[in-house]
Amino acid sequence: MPAVRIRRRKAVALASAAVLAGLAVPALTPATAGASAPAHETPVAQARVAAVADYYDGAEGKTGEALKSALNSIISDQTKLSYSAVWDALKETDEDPSNSGNVILLYSGVSRSKSLNGGDVGDWNREHVWAKSHGDFGTSTGPGTDIHHLRPADVQVNSVRGNKDFDNGGSAVANGGGSLTDSDSFEPRDAVKGDVARMIFYMAVRYEGTDGWPDLEPNGSVNNGSAPYIGKLDVLKAWNEQDPPDAFEQRRNDVIHESYQHNRNPFIDHPEWVESIW
């Protein structure tokens, strides 16, 4: 592995270790990411901002397709998990900050026992936010096991979402925390709209059709079926703006980088890059 990748990983690992130890570190925002940290921030926060900026140094100054290509090169350096290993990973990445024995379910927002992972009513299972049928990659190691887009979800709510594209509107989903659905789309609750959008944009940058997997892209349509597309792009961009990254999402990104895949979702660190690329 090139020395620069080792430096990036070690630098972010040191800063992330403080986060995982329970220190309060503010999430990066477009105003602070990659910039000098204000003097009033703690040394840990300053170190984290600098470390994350270093991770993306190959993307500095780029926009559009050049930025997308640079980010693909950076985040494709990752450790891959088996589908069975995803269960334990999600118990850490999505842990309820108020109850270490529970996880927070993506669409409903419910806190549920980590032990209730499975396929029965009342359980939570592994939701592919980029529906695995969109590109037909299934649960094979690769996009099918990439925990940047795998989240705990209530079994029944997950079934309602199915492989629908994302769009606004519809009727209320039972026990869905405010999520809506219609015949061809799903709208998550307001608190995770941006999370969903940034997971979709991560997948579109990470999987470019160059490593044996389909070239995934958001588009302006619903009913994409088995094509490697998910819509709607304009809605996802709006959700990214309306619901910026919060502490839970940022911590999740840190845990995945530090303990599991050793790569990051760039749109959590730099949500403004969505507009630059799309």
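Parameters and conventions
- Residues numbered from 1 in each chain as written.
- Predicted model: local features only at pLDDT ≥ 70, side-chain atom pairs only at ≥ 80, totals over all residues.
- Heavy atoms only, no water.
- Helix = DSSP H or I, 4+ residues; strand = E, 2+ residues; numbered from the N terminus.
- Contact = heavy atoms within 4.5 Å.
- Pairing = 2+ DSSP bridges.
- Phe/Tyr/Trp six-rings, centres within 6.5 Å; stacked < 30°, edge-to-face > 60°.
- Buried < 20%, exposed > 50% of the residue type's maximum accessible area, 1.4 Å probe, protein only.
- Lys NZ or Arg CZ within 6 Å of the ring centre and 35° of its normal.
- Expected span 1.5 Å × (residues − 1).
- pLDDT = per-residue confidence, 0-100.
- Core = buried A, V, L, I, M, F, W, Y, C linked by side-chain atoms within 4.5 Å.

Moving on: the side chain of Asn 158. As for its placement among the helices and strands, Asn 158 is situated in helix H5 (residues 155–161). Beyond its immediate stretch of four places on either side in the chain, Asn 158 contacts Asn 125, Arg 126, Glu 127 and Ala 153.

We now examine the sheet that holds strand S3 (residues 111–113). With antiparallel pairing, the 3 strands of this open sheet are ordered in space as S1-S2-S3. Edge positions in the sheet fall to strand S1 (95–96) and S3, since each of these pairs with one other strand and no more. Alignment of S1 against strand S2 (residues 99–104), held across 2 bridges, turns out to be antiparallel. Across the sheet, Asp 96 pairs through a bridge with Asn 99, a residue of S2.

What follows covers the packing of aromatic side chains. Using the criterion set out here, one finds 8 aromatic pairs in the structure. Relative to Trp 124, the ring of Trp 87 lies with its centre 5.4 Å away and its plane at 70°, an arrangement referred to as edge-to-face. Here the residue Trp 87 occupies a position in helix H4 (residues 83–93), and Trp 124 occupies one in strand S4 (residues 124–128), the gap between them amounting to 37 residues. Accessibility assignment for this pair places Trp 87 and Trp 124 in one class, buried. Among the aromatic residues, those joined into a cluster by ring pairs are Tyr 55, Tyr 56 and Trp 273. Here the guanidinium or amino end of Arg 126 rests over the ring plane of Tyr 83, the centre of that ring lying 3.7 Å away. Note that Lys 193 overlies the ring of Trp 239, its terminal NZ or CZ placed 5.7 Å from the centroid.

What follows is about the side chain of Gln 261. When you line up the elements, Gln 261 lands in the loop between helix H8 (247–260) and helix H9 (266–269). Ignoring any residue separated from it by four or fewer positions in sequence, one finds Gln 261 in contact with Asp 77, Gln 78, Thr 79, Thr 145, Asp 146, Ile 147, His 148, Tyr 202 and Ile 256.

The next thing to look at is helix H6 (residues 193–206). Counted at 1.5 Å a residue, the expected span for H6 with its 14 residues is 20 Å, and the 20 Å between its end C-alpha atoms agrees. Here H6 lies mainly inside the structure; 14 of its 14 residues are buried.

Turning next to the environment of Thr 79. Looking at the secondary structure, you find Thr 79 in the loop between helix H3 (64–75) and H4. On the accessibility criterion, Thr 79 (33% relative accessible area) is partly exposed. On a C-alpha basis, the gap between Thr 79 and Gln 261 in space is 4.4 Å, while along the polypeptide they are 182 residues apart. Thr 79 has contacts with Tyr 260, Gln 261 and His 262, leaving out every residue within four places of it along the chain.

With that out of the way, let us pick up the confidence of the model for the protein chain. When pLDDT is averaged across the protein chain, the result is 89; 86% of the residues are at 70 or more. Taken together, the stretch residues 1–11 has pLDDT below 50 and engages in 19 contacts with residues farther than four places along the chain or on a different chain.

Among the nonpolar cores identified, the biggest contains 41 residues, and Leu 71, Tyr 107, Val 129, Phe 166, Phe 201, Phe 267 and Trp 278 are the most heavily contacted of them. Of all the elements in the fold, those that place two or more residues in this core are helix H2 (43–55), H3, H6, helix H7 (233–242) and helix H10 (273–277). The biggest single contributor to this core is H6, with 9 residues. If you look at the next biggest cluster of nonpolar residues, it comprises 14 residues, including Leu 81, Val 86, Ile 147 and Tyr 260.

Attention now goes to the sheet that holds strand S8 (residues 180–181). An order of S6-S9-S8-S7 is seen for the 4 strands of this open sheet, with the pairing classed as mixed. Both outer strands of the open sheet, strand S6 (165–166) and strand S7 (171–172), are each paired with one neighbouring strand and no more. Where S8 and strand S9 (residues 185–187) come together, 2 bridges link them in antiparallel fashion. If you follow Leu 180 over to S9, its bridge partner there is Glu 187.

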